[in-house]
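A look at the structure
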Amino acid sequence: MSALLWAAVAALGAGTLAAIPRATLRAAIPLQIAGAAALAAGAIAVVARGTPVGAAFGDGLGPSFGLDGLSAFFLAVVSLAALPALLAAGDALRGSPMARPLIALTGLFVLALAGVLAARDALTFLAFWELMTLAPASAILVARRDAPVRNAVFVYLAITHVGGAGVWLALLTLAHEGVLSGGAALGGGLQALVIAAAIVGFGTKAGLAPLHAWLPRAHPVAPAHVSALMSGVMIKVALYGLIRVLLEWCAPAPLWAGLTLLALGLVSALAGVLYALVQRELKRLLAFSSIENVGVIAVALGASLVLADAGQPRWAAVAFGAALLHVAAHAAFKTLLFLGAGALSDAVGRLDLDRLGGLLTRMPGVGRPFLVGCAAIAGVPILAGFASEWLTLQSLLRLAFDGSAGVAVAGALAAAGVAASAALALFCFVKVAGLVLLGAPRTEAAAAAADRPPATRLALAALAAVCLALGLLPALLLPELAALAPGAIAPPSGAAIDLPGTGGLPPLGLVVALGLVAAGVLVATGRRGRAEAAPAWACGQRDEPALRWTSAGFTKTLRLVLESVLRPEREVTVHARAGVVAEVTHRAEVPHLFDTALYGPLWRGAQRAAGVARRLQSGSLRMYLGYLAALVVVLLALVRIGVLG
Amino acid sequence: MSGATVAAGALQVAGALLAPLAAGTVQTLKARLQGRPGPTPLQPYRELRRLWRKSGVRPVPSTFVYALAPAVVVASVAVALLIVPIAGHAPDWGVGHDALVLVGVLALGRFAIALAAWDTASGFALMGAARDLTFAVFAEAVLVLAVLLAALPAGSTDLTAMSAAAAGTGVWDDPAHWCAALAFVLVALAEAGRQPVDNPDTHLELTMVHEGPLLEYAGRELAVLQWAAAARLWLLLVLVAELFGPKGGGFWVQAAILAATVVVLCAGLALTETALAKMRVLRVPLFLGGGAALCLAGLGSWLAGAA
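What counts and how
- Residues numbered from 1 in each chain as written.
- Chains lettered and ligands numbered in written order.
- Predicted model: local features only at pLDDT ≥ 70, side-chain atom pairs only at ≥ 80, totals over all residues.
- Helix = DSSP H or I, 4+ residues; strand = E, 2+ residues; numbered from the N terminus.
- Rg over C-alpha atoms; globule rule 2.2 N^0.38 Å.
- Core = buried A, V, L, I, M, F, W, Y, C linked by C-beta atoms within 7 Å.
- Buried ≥ 20, exposed ≤ 12 C-beta atoms within 10 Å, placed from the backbone.
- Domains from an automatic or database assignment.
- Contact = placed C-beta atoms within 7 Å.
- Nonpolar A, V, L, I, M, F, W, Y, C, P; charged D, E, K, R; others polar.
- Expected span 1.5 Å × (residues − 1).
- Axes fitted to C-alpha atoms, helices over the stretch in contact; angles between N-to-C directions.
- Parallel < 35°, antiparallel > 145°, perpendicular 65-115°, else oblique.
- Pairing = 2+ DSSP bridges.

1. Considering the overall build of chain B
- For chain B, the count of helices and strands is ten helices and one strand.
- The N-to-C order of helical and strand elements in chain B reads α-α-β-α-α-α-α-α-α-α-α.
- Over its C-alpha trace chain B gives a radius of gyration of 19 Å, about what one expects of a compact globule, namely 19 Å for 307 residues.
- By principal-axis analysis of the C-alpha atoms, chain B measures approximately 60 × 45 × 45 Å.

This is the structure:
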């Protein structure tokens, strides 16, 4: 087993190096794909067998590697998402002048992701963790170097490094106290410190609100396949770290940790999807939607911790399984949607939602899988997103049924919030599918779009099939996934998710019943003969391009209802010439309140503090000598009164 | 499988046929209350027959999304009918009896019809779809809270268990059940597209919510979509009667009580639709927010009772 895994890593490494010389470039992507496939096979085998391979976690500092069930599950998700991403990258980068560095950096990125998951000591973990941050940043800078992109990368690195200090603090403390090897347990204050540091550190990288400000900046500017890996799997690897700390090394985690995670997840889910809804650029919208999905996963993890604290190990395992199921589901549909967005932008040129349209018929090989991805992320039944959200809701209801008063209210509020975020996600992806795929094309570029090469189409179709499979077979996966929780009691397995206290979720029964009725209706309505083609009636309105519905128009009702929350800005300027209106310009925008209301003041405060600090640096030698003398006096005074030494 | 279960299954299927009758009854009662003679309760069947004989139209541009949407909407409502038990009994159709699965299945229909609105890109259809999706954001949150409250006595979201636990007068001692019933009715009005949230009898496109996305459809496709609207009303009437209506006796007595409750609910609906005008679109979330407040108050009362 470990031979296969090492061979996979060697193939990935060879693929990365092969991209650098011009002569071996052609072999780079096939090598990387072979490596990712072997890595997936090895990881799935480890999950299926349930026996760890390689080293166990240790407190030492030497490099050591190994895989247990939890790492192997995440590694399987990473490598299965990397496969289609690499396939699509081959098409997207063909002939690009930056193909060599980008392919090499993609391979490096996949290796870094795998390294974080396989690391079995603190230093190796942290080394790969930093590499995982830097590889996509370099890829973004290689692909584009205009000022806004450089600024986005700076914000990404700044926030993830400041927040990432929490990861260093947590892991080094755990290694120092001998917790990683399972030899010791942390006490009260130190445990609280480690948990808080881990939530800040891993939460920043996972994109949990309010630490998510970098994500909607960095994810949209990366090349599509790198965006897919960042949104689809990198943020999940951060959640893997959080799971390790909270459920394994700090177990049993205190109640406040679970409730904090629940609250952060809820804010992320609602804020993420609300801001996704009002975006006009497809990739930025997808990035905000990733924040929502990470929020849903965090809610499920928080519920798992709280349920474990409330003495309900079985439901705690179910909530944990729900979180992992959503990790897999989100990896599938978000990779699909980002790769689809890349394919669309390669064909049309821009991803402004109001300038696409009609691409389902013009690019069926991209459009149809993209439609499946939209339906899956919208959380409709029998596709990937539904089962995990259903399980999350059920776990939250369980908190309300059996928890103490405070926990019950938290569970009820979280359940309502998750339900609202699911409905918002449906709204959001109806808008995306409608504007991108349906209706008449809105620009000449969209009207002239042609399908992408076969490798991209294959990658997208495979991901759509995974979305369907995850929707149909969650009951087979759930017991396996729930069993990966440290100290878990697995729920019963079967074709339907049949949990006591629920009415059961039988995806296969649902799909058969829905399919039979729908087929019957199609036959019955089709019997009347083929319907005549005619222009859309639209209540007698003529089809004027200027009258077509826009992204902003479709969400207007919701924006008006939530005006006090979203604070949209609107500016209408009427240019009149000699009393006759010559031109009316309209500008509307929904500012990102986390940026304007939270990070803005912080940034301005930091600038002002820096301004004050600069005044100390007068450049005068006498002044500096004065500082030194003052310092010596203060230190002597402290020694004198006994504070020091 | 007992006789009651088989009979309940037969009644579930019969609901598909009776659904237009419930919608017609409300229409007739409403007309009488407003001092008009009004149509007979059988009018919806006549409309369906009329539409069934007409040929369809395929708008240009439209894709398979538009063509499949009616089938998906009908399938979602039909499966929802199978999920809801009748008089506390339901055969195992293989679709489960979970309240939250029901919420998801209804969302599937909403998704399909909203996409169909985008497919023809007709402005009025999109206006209706956008409003429907906006209401759904609030309605789903309140619905989950109401399901939570209604599930508290049973400790389960299995609709059969919820129905059984709501039998007798004991559950009504806790204000939580009253709050759940009231909130459920508010959400049901929004989900079924009735006044004061939406006016199903309107012919003014600008005010349409649920009717808007149907504007382009014709012939048999329109017929099945109109049936689906009636069936959604029937489903919600049965669900409210099942969870909050009186119960007692054996299966057939209970089924008779259920039927009577549905008739009473139809009359109540006619009365409120006569008394209340449709509210402004932007007020609907406030209306549903009231439902959320009721649910939280109910949860507080339940927790105070349990402590």
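2. Quick notes on the nonpolar core
- In terms of nonpolar packing, the biggest core is built from 382 residues, with A:L113, A:A415, A:C467, B:V79, B:V142, B:L145 and B:A146 touching the most fellow members.
- Mapping this core onto the domain boundaries places at least three of its residues in each of domain 1 (1-185) and domain 2 (252-485) of chain A.
- Ignoring any residue separated from it by four or fewer positions in sequence, one finds A:C467 in contact with A:A332, A:F333, A:L336, A:V372, A:G373, A:A376, A:L383 and A:A384.

3. Looking at the domain arrangement of chain A
Residues and elements named next belong to chain A.
- Each assigned domain of chain A is listed with its residue range as follows: domain 1 (1-185) and domain 2 (252-485).
- Contact residues are listed per partner, giving 13 residues for domain 1 and 20 residues for domain 2.
- Here the residues of the side of domain 1 that touches domain 2 are counted per class, giving ten nonpolar, two polar and one charged.

4. Some remarks on helix α2 (residues 25-49) of chain A
- The end-to-end C-alpha separation of α2(A) is 37 Å, in line with the 36 Å expected for 25 residues at 1.5 Å each.
- At the C-terminal side of α2(A), A:G50 shows a positive phi close to 80°.

5. Comments concerning the packing of helix α7 (residues 175-192) of chain B against helix α8 (residues 219-244) of chain B
Residue and element names in this part refer to chain B.
- It is the contact of α7 with α8, at a shortest axis distance of 10 Å, that shows an interaxial angle of 175°. In terms of their interaxial angle, α7 and α8 are classed as roughly antiparallel. Touching A181, F184, V185, A188, E191 and A192 of α7 are R232, L233, L236, V240, L243 and F244, all from α8.
- Residue composition of the contact of α7 with α8, by class: ten nonpolar, no polar and two charged.

6. Considerations on the pairing of strand β4 (residues 569-577) of chain A
Residue and element names in this part refer to chain A.
- Along β4, only zero of the nine residues are buried, which leaves the element largely exposed.
- Where β4 and strand β5 (residues 580-589) come together, nine bridges link them in antiparallel fashion. Note that in β5 the partner of E569 across the bridge is E589.
- Taken together, β4 and the strand that follows it, β5, pair antiparallel across an intervening segment of two residues, in which A578 is found at a positive phi of about 55°.

7. So, the environment of A:A251
Residue and element names in this part refer to chain A.
- With respect to the element layout, A251 can be found in the loop between α9 (224-249) and α10 (255-277).
- A residue is classified by how many C-beta atoms lie within 10 Å of it, and A251, with 14 of them, is partly exposed.
- The sequence separation of A251 and K431 amounts to 180 residues, and the corresponding C-alpha distance is 43 Å.

8. Side note on helix α16 (residues 405-437) of chain A
Residues and elements named next belong to chain A.
- Between its first and last C-alpha atoms α16 spans 47 Å; for 33 residues at 1.5 Å apiece the expected length is 48 Å, and the two agree.
- Counting buried positions along α16 gives 30 out of 33 residues, so the element sits mostly inside the fold.
- Remark: G439 follows α16 within two positions and exhibits a positive phi of approximately 75°.

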